[in-house]
2 protein chains.
Amino acid sequence: MTESRQHPTLATVARAAGVAVSTASLVFAGKGPVSAATKQKVLDAATELGFHGPDPRARSLRNGRSGVVGVVVQTSVISAFRDPVNVGMVDGAAEVLGEAGAGVLLLTDAPHARRVFEDAPMDAAVLTGCSPWATELLGSLRRRRVPTVLVGSRPRRGSPAVDVDNPAASRELAQHLYRLGHRRAATVTLALDTDDAPAVDADRLAAATADTAAERLQAFWDVFPNGRALAATDSTVEEGERIGRMLLDVPEPPTAVVAQSDLLAVGVLRAADALGLAVPDRLSVTGFDGIDTSALDPRPLTTMRQPMQQKGRDAASAVLRMLDGARPRSVLLDCEFVPGATAAPADCAAQHH
Amino acid sequence: MTESRQHPTLATVARAAGVAVSTASLVFAGKGPVSAATKQKVLDAATELGFHGPDPRARSLRNGRSGVVGVVVQTSVISAFRDPVNVGMVDGAAEVLGEAGAGVLLLTDAPHARRVFEDAPMDAAVLTGCSPWATELLGSLRRRRVPTVLVGSRPRRGSPAVDVDNPAASRELAQHLYRLGHRRAATVTLALDTDDAPAVDADRLAAATADTAAERLQAFWDVFPNGRALAATDSTVEEGERIGRMLLDVPEPPTAVVAQSDLLAVGVLRAADALGLAVPDRLSVTGFDGIDTSALDPRPLTTMRQPMQQKGRDAASAVLRMLDGARPRSVLLDCEFVPGATAAPADCAAQHH
DNA sequence: CGATTCGATCGAATCGATTCGACAGTGGTT
DNA sequence: AACCACTGTCGAATCGATTCGATCGAATCG
């Protein structure tokens, strides 16, 4: 009686129902053979005592699973989720994980959250992006024997990766411009490393820590070997405009700019507007991602649409398979070319300028 | 020796170091008095065996804390995070929780994720928004004795709430318009309930499930008792434009539109543009939130800036205090009026139209 | 009718840590 | 010399479930 005000546990309920704890457990697990009468007795006792299912903590200790998958995004939540690509990815992952009964533990690589990262109960992890910390975080996860899937980088140390085929997609965009007659092209890359300086040369590419940015730049240079490349620090419209101005506000501006993300591309469009360069007449601009930019700019972007949510879904199912002991292979998803209206044949006047 | 390939546990390490489990535990907890020599022995044994800290699952069972706080957003991640207000809130919460060593479990009120919601290990929860499910979810959390803080709704059933002072802020905006001479005003509300129909009357307001939308509408009607009100289904630019057209494409359009969010306000601006109504000369538009809309529209919005991240931070610290046994009071944050450039004195021509 | 299954239930071990009370040794106080 | 406070260490109980093997009565079979 003195325990009537305590947290009810399986033991409490079992006692009240006059059965063994193990039997009560069977009832809640829905397994084993339990007579209807006993089941009802247990359920009644549970309602009576206000017991609403077994404690997840105890359960997770016993079966070694917490039912939680960590999803690690770069830097802060706010800056990661400013980019619809990340949001789409997390959404896709949350969808699949949710259906499988697993929760999403949102983690960042921020230093002040390292304690959480190290201590958080998680059965598996999805590590997105390519921060300089990624390697370190991956190491920590491997030590803890947490199966990990990478998103947006190459497979490493036995962890499979889910990503789009960046080289193919980027080459397709560059070649599209090349076939339209463009010979003077430039590119705005995503962050390649922690360096804030925009100038990018072959050495910096070789030392880059961000696989995605590096692959896309390499593909660009495969098609335009002498194309100028400047690195943005973030995938935002503002950065796109800033770098765009640097590329376009010169005596002999390029006739085409390949931006490594749609947000950057919109920024380049703004820069072009400000400098009086008509798009696509005088300047062609391509993006990457295929997000909805209609709210940002009326001109539909020429871009590659990448399946963001699918990336999240695939990463999630890979991670779930790893929990079942499988060793899933890396996944390379295809992008889809979106013609848009920001790329056109190279303007003769501009070429002969 | 046969256990050399097993998961190392505290017990394994203790045995290898020749000390008791309890002593080894002291070492990792950094508590109790342990001699430097013993400490080193344990640490060495741990490195040797590849033991990297105690298992969070076991720890959480023992001390009844998992170090995880659930953050519940409405519907899917992708639609919740389309709104910068939610992102800012989650970011603020993640920041405070991270510093306190707690993880963020991202949950949705989606039906297919109910199992996760019920079973997830969490010590406390932050419940955002006012979906029709909120009451039910709150009930479930209370049964599980999970301390909960609400964001964006009124305090309920002993759960404190963190929110901005919607009545005051909304009244301030409406009065601003009134003082500018506007007498024919209309409003675009956020979703009031699950009904998709735009028309809103006093009865619907009385039955509304979304506190925020209801409070803002009430304040609007306090100032403009006969103002027309239409409800959006989402806080998006598209919805703003759709409802904006319904409000403005009539014989005698209002001279001012109060939108309940900045995204809706930008949509109204678009609708005004499309109908040839100059802003702010012929039409004044106000928003709410104070997000950065520069990428969406060059005209700085007249709006109320709400401290989104602060909401998240306050909710997080309230929840942490509840974990310490306190019963924190609800928090009402102030908004800041942003003059912007989309509200101007009522145009005489329009008034006399 | 005795032997065999099968279904329902129970007891006890286990998951991996935390923590409290006990205990031995050490140095200082009167 | 007897006593005390304190430090460092240990053993054992505990958190709340899951699960395996054992048990026992009843139904089935030859």
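For the structure, check the block above.
Since this is a predicted model, take the numbers as computed values, not measurements. (Residues numbered from 1 in each chain as written. Chains lettered and ligands numbered in written order. Predicted model: local features only at pLDDT ≥ 70, side-chain atom pairs only at ≥ 80, totals over all residues. Heavy atoms only, no water.)

Asks: Which residues make up the packing of helix H1 (residues 10-17) of chain B against helix H3 (residues 36-49) of chain B, and what values go with them?
Replies: How two helices sit against one another is set out by the angle between their axes and by the gap between those axes. All names here are of chain B. Where H1 meets H3, the closest approach of the two axes is 8 Å, and the angle between their N-to-C directions is 120°. Compared by their axis directions, H1 and H3 come out oblique. Of the two possible hands of crossing, H1 and H3 adopt the one that is right-handed. Of the residues in H3, those touching H1 at Thr12, Val13, Ala16 and Ala17 are Lys41, Val42, Ala45, Ala46 and Leu49. Class assignment for the residues of the contact of H1 with H3 results in seven nonpolar, one polar and one charged. (Axes fitted to C-alpha atoms, helices over the stretch in contact; angles between N-to-C directions. Helix = DSSP H or I, 4+ residues; strand = E, 2+ residues; numbered from the N terminus. Parallel < 35°, antiparallel > 145°, perpendicular 65-115°, else oblique. Left-handed = near helix turned anticlockwise from the far one by under 90°. Contact = heavy atoms within 4.5 Å. Nonpolar A, V, L, I, M, F, W, Y, C, P; charged D, E, K, R; others polar.)

Asks: Talk me through the relation of the copies chain A and chain B; I want residue IDs and the actual numbers.
Replies: Least-squares fitting of chain A to chain B yields an RMSD of 0.1 Å, with the superposition described by an axial translation of 0.0 Å and a rotation of 180°. These values place the two chain copies in the arrangement generated by a two-fold rotation axis. Every residue of chain A has its C-alpha some distance from the rotation axis, and the shortest such distance is that of leucine 105 of chain A, at 2.2 Å. Here 100% of the contact residues of chain A are again contact residues in chain B; the copies associate through an equivalent surface. (Least-squares fit on C-alpha atoms with pLDDT ≥ 70 in both.)

Asks: Kindly report on the protein's contact with DNA strand D, identifying the contributing residues and their values.
Replies: In the vicinity of DNA strand D, 23 residues are found, and the nearest of them are Leu10, Ser25 and Arg62 of chain A together with Thr38 and Arg62 of chain B. The contact atoms of DNA strand D, taken as those within 4 Å of the protein, divide so that sugar and phosphate hold 60%. The separation between a phosphate oxygen of DNA strand D and a polar main-chain atom of aspartate 55 of chain A is 3.0 Å. Here a phosphate oxygen of DNA strand D sits 2.8 Å away from a polar atom, N or O, in the main chain of alanine 20 of chain B. Here the element with the most residues in the surface near DNA strand D is helix H4 (residues 56-63) of chain A; it accounts for four residues. For the surface near DNA strand D, the per-class residue count stands at 10 nonpolar, eight polar and five charged. (Near = heavy atom within 4 Å. Polar contact = N/O pair within 3.5 Å; in protein donor to acceptor, adjacent residues only side chain to side chain.)

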